[in-house]
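Each chain is listed here by its residues.
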Amino acid sequence: MSASEPFPLISELKSLAAEFTRDLDQVTDLADLEERRVAFLGRKGRLAQIMSQLPSLDPAMRPEAGKVANEVKGELGALFDERQAQLMGAEAGKELADFDPSLPGREPWLGATHPVTLVTEEICAIFENLGYEIVTGPEVENDFHNFEALNMPPGHPARDMQDTLYVTDSILLRTHTSPLQIRTMLRREPPVAAIAPGKVYRRDSDLTHTPMFNQVEGLLVDTHVTMADLRGTLTHFVQLVFGPETRVRFRPSFFPFTEPSAEVDISCVMCGGTGFVDGAMCRVCKQTGWVEILGCGMVDPEVFRSVGYDSEKYTGFAFGLGVERVAMLKYGIGDLRMFFENDIRFIQQFT
Ligand code: DAH
């Protein structure tokens, strides 16, 4: 205590202020600074301790001592704020100094439209331009729409053509998009022009079959629809998807819901129908020059009967195709499993 100070408390406050000021000059980081703050300005810190003595002072001395104490408190608080701002600026600056803006950034992994979606959309757009309406329906179907109304009554051997996944005896995962023919015709009177994309399910899994895949179904019903309309429509369609040089061949086939029925081949997209690529046998068409692309036919009168259409008045054609198959041919994809692995490197190639 110095003799020049009237009150010991005031001199204590002043030396505390001097010490705090000195200490602040020495702190080098924010953690250090916080320690000082607690020691000096904290609730149990040194300033608080000095101030706790105020009530026991001689009342005559109290106002002067209280005034100085409050001044010191304000002063130290300001010193602290100032030093804190300095140190925060310094630390931010250090972070900035460590930051190298010339480093290459991390490239975001952008998604892309899956080729199955691309092809589905392309097919639908082609038929929408021809005036077809897009229809969809449930993947969990009943026996009536999936089989019976399509001329496959219970026990019909054609049911064996498709390995069905049953939910109950009469509820199943649809094995094809053909039930959309039935649903659409039950909903409206001819003329009908509908295109129906969707997932289908079969109990089938190997290198070239997956238990789920995608189909697109087409249906046109009106008076005077002929096989020539079918041929013209499908030729137009494949030439838009695979190029104007693509040739089309109809091979007689069988489907319970069409009569007559056909399978459609297109000239091989790989070898252009020559059977050879660079002198070697074409692996896509196995040297035949043709690849199968879809099934089709004229709607069977039995199907019209099951939806209440007059088969004397109306005729129609239908077709169904596998989207993965079209995508494989269109983009030269060799392995069906690629579609389901969701490897972004595969998918990104189709942007
Ligand atoms: N639903 C048949 C299948 O999944 C494909 C099909 C063939 C659809 C002929 C048709 C058609 O509409 O007329 O194998």
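Just so it is clear, the model here is predicted, and its values are computed rather than measured.

Visitor: Lay out the pairing of strand S7 (residues 248–255) with the relevant residues and their values.
Guide: Examined bridge by bridge, S7 and strand S8 (residues 258–267) share seven bridges and lie antiparallel to one another. Bridge pairing in S8 links Arg249 to Asp265. Here S7 hands over to S8 after two residues, the two strands then running antiparallel side by side.

Visitor: Describe the site of the ligand, listing the residues and the values that go with them.
Guide: The immediate surroundings of the ligand are formed by 16 residues, with His176, Ser178, Arg202, Gln215 and Glu217 found nearest. One of the side-chain N or O atoms of Glu217 is found 2.6 Å from an oxygen atom in the ligand. Ala318 is positioned with one of its backbone polar atoms (N or O) 3.2 Å from an oxygen atom of the ligand. Elements with a minimum of two residues in the shell around the ligand: strand S6 (212–222), strand S11 (290–299) and strand S12 (315–322).

Visitor: I'd like to hear about the environment of Tyr331, residue by residue, with values.
Guide: Tracing the sequence through the fold places Tyr331 in helix H10 (residues 323–331). For Tyr331, a relative accessible area of 32% gives the class partly exposed. For Tyr331 and Ala194, which are 137 residues apart along the polypeptide, the C-alpha to C-alpha distance reads 26 Å. Residue contacts for Tyr331: discarding those within four places in its chain leaves Pro115, Leu118, Val119 and Phe350.

Visitor: Let's hear about the side chain of Ser261: which residues, and what values?
Guide: Within the element layout of this structure, Ser261 appears in strand S8. Classification of Ser261 by relative accessible area gives buried; the value is 6%. A distance of 3.1 Å separates a polar side-chain atom of Ser261 from the backbone nitrogen of Phe255.

Visitor: Account for the side chain of Thr164, with residues named and values stated.
Guide: Secondary-structure assignment places Thr164 in the loop between helix H6 (143–146) and strand S3 (165–166). Judged by relative accessible area, Thr164 falls into the buried class, the value being 6%. Leave out the neighbours within four places in its chain, and Thr164 touches Phe147, Leu172, Leu173, Thr175 and Arg203.

Visitor: Summarise the packing of aromatic side chains; cite the residues concerned and give the values.
Guide: By the definition in use, this model includes eleven aromatic pairs. Pairing Tyr331 with Phe350 gives two aromatic rings, centres 4.9 Å apart and planes at 70°, and the pair type is edge-to-face. With Tyr331 in helix H10 and Phe350 in the segment after helix H12 (344–347), this residue pair connects regions lying 19 residues apart in the sequence. Joined through ring pairs, the aromatic side chains of Phe127, Tyr132, Phe237, Phe317 and Phe319 make up one cluster.

Definitions and cut-offs
- Residues numbered from 1 in each chain as written.
- Predicted model: local features only at pLDDT ≥ 70, side-chain atom pairs only at ≥ 80, totals over all residues.
- Heavy atoms only, no water.
- Pairing = 2+ DSSP bridges.
- Helix = DSSP H or I, 4+ residues; strand = E, 2+ residues; numbered from the N terminus.
- Near = heavy atom within 4 Å.
- Polar contact = N/O pair within 3.5 Å; in protein donor to acceptor, adjacent residues only side chain to side chain.
- Buried < 20%, exposed > 50% of the residue type's maximum accessible area, 1.4 Å probe, protein only.
- Contact = heavy atoms within 4.5 Å.
- Phe/Tyr/Trp six-rings, centres within 6.5 Å; stacked < 30°, edge-to-face > 60°.

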